[in-house]
Amino acid sequence: MKEITLPANTDSIEAVTHFVNEQLEPMSCPERTRIQLSVAIDELFGNIANYAYVPEEGQATVRVETEDNPRGIIITFIDSGTPYNPLEAKEPDTTLPARQRRIGGLGIFMVKKTMDDITYEYKDGQNILTVRKNF
Amino acid sequence: MTIAFEKNGTTLTVKPEGRMDTATSPELNQRMQPELQGMNAVIMDLEKVDYVSSGGLRLLLELEQRMEECGGSLKIIHVNSYIIEVLDMTGFIDILHIE
């Protein structure tokens, strides 16, 4: 298990993606999966950066575990910001015409669709969101 | 972010490079605004875009809404399979003109 703690802002997303890609490299992760994980990191860390502490500043921790059987990765996002369970957000209506569409909830919707498992808990003052992707 | 702009009459072609995500989309949006003045057709050429996240979708949606409102058009071209997958799962494939 490896972890990284950085400022919870959008500038950190690149470093988090790089950190996760480093763990994936020796695992023969398919490109499509790697991109789905990059998008998930962008959405989940981006949400922390944009909402968890604003207008204050804070930190976030990303923890990575890899598994062999089945081969996969587990990424956990931890912040001490405002308690918020993104899994409770209303799913966007993807059938609406352009002029009625909104972006809210789309990020977590995409993460739910592409990851194999996603769980949330609030514990000891921390939001803890975990995604699992097997490949 | 590297972005190429090309104007042909009232048609603007925008060709960004890299990712259209949370970090890069605000800059792309900001740099597009002055180029959009007086244009009634926009082509987003995504040949050099690796993938999009909801930040990129927001940009495309707002552009589509803007062009619909003014009676103009938006066309998205050269999308790779990863982008198509995102557009499909979010229903954007039905509301954007994709070639």
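Residues numbered from 1 in each chain as written. Chains lettered and ligands numbered in written order. Predicted model: local features only at pLDDT ≥ 70, side-chain atom pairs only at ≥ 80, totals over all residues.

### Points about the packing of helix 1 (residues 25-36) of chain B against helix 2 (residues 54-69) of chain B
The relative placement of two packed helices comes down to the angle between their axes together with the axis-to-axis distance. All names here are of chain B. The N-to-C vectors of helix 1 and helix 2 enclose an angle of 20°; their axes lie 9 Å apart at closest approach. The orientation of helix 1 with respect to helix 2, classified from their angle, is roughly parallel. Considering how the two elements wind past one another, helix 1 and helix 2 form a crossing that is right-handed. Between helix 1 and helix 2, the contacting residues are S25, L28 and N29 on the first element and G55, G56, R58 and L59 on the second. (Axes fitted to C-alpha atoms, helices over the stretch in contact; angles between N-to-C directions. Helix = DSSP H or I, 4+ residues; strand = E, 2+ residues; numbered from the N terminus. Parallel < 35°, antiparallel > 145°, perpendicular 65-115°, else oblique. Left-handed = near helix turned anticlockwise from the far one by under 90°. Contact = placed C-beta atoms within 7 Å.)

### Quick notes on the environment of A:N21
Following the sequence through the fold, A:N21 ends up in helix 1 (residues 13-24). Residue classification places A:N21 among the partly exposed residues on the basis of 14 C-beta atoms within 10 Å. (Buried ≥ 20, exposed ≤ 12 C-beta atoms within 10 Å, placed from the backbone.)

### Looking at the interface of chain B and chain A
Interface size is often expressed as the accessible area that is lost when the parts come together. On the side of chain A, 21 residues touch chain B, which itself brings 18 residues to the contact. Taken together, the elements giving at least two residues each to the side of chain B that touches chain A come down to helix 2 and helix 3 (81-89) of chain B. The greatest single-element share of the side of chain B that touches chain A, amounting to 7 residues, is contributed by helix 2 of chain B. The residue makeup of the side of chain B that touches chain A, split by class, is 8 nonpolar, 6 polar and 4 charged. (Nonpolar A, V, L, I, M, F, W, Y, C, P; charged D, E, K, R; others polar.)

### Quick look at the nonpolar core
Soluble globular proteins: nonpolar side chains tend toward being buried together. Residues A:I41, A:L44, A:F45, A:I48, A:F77 and B:I83 are the most contacted members of the largest nonpolar core, which totals 52 residues. Per-element accounting of this core gives the leading share, 10 residues, to helix 2 (residues 31-52) of chain A. Setting aside chain neighbours within four positions, we find B:I83 in contact with B:L46, B:V49, B:Y51 and B:V52. (Core = buried A, V, L, I, M, F, W, Y, C linked by C-beta atoms within 7 Å.)

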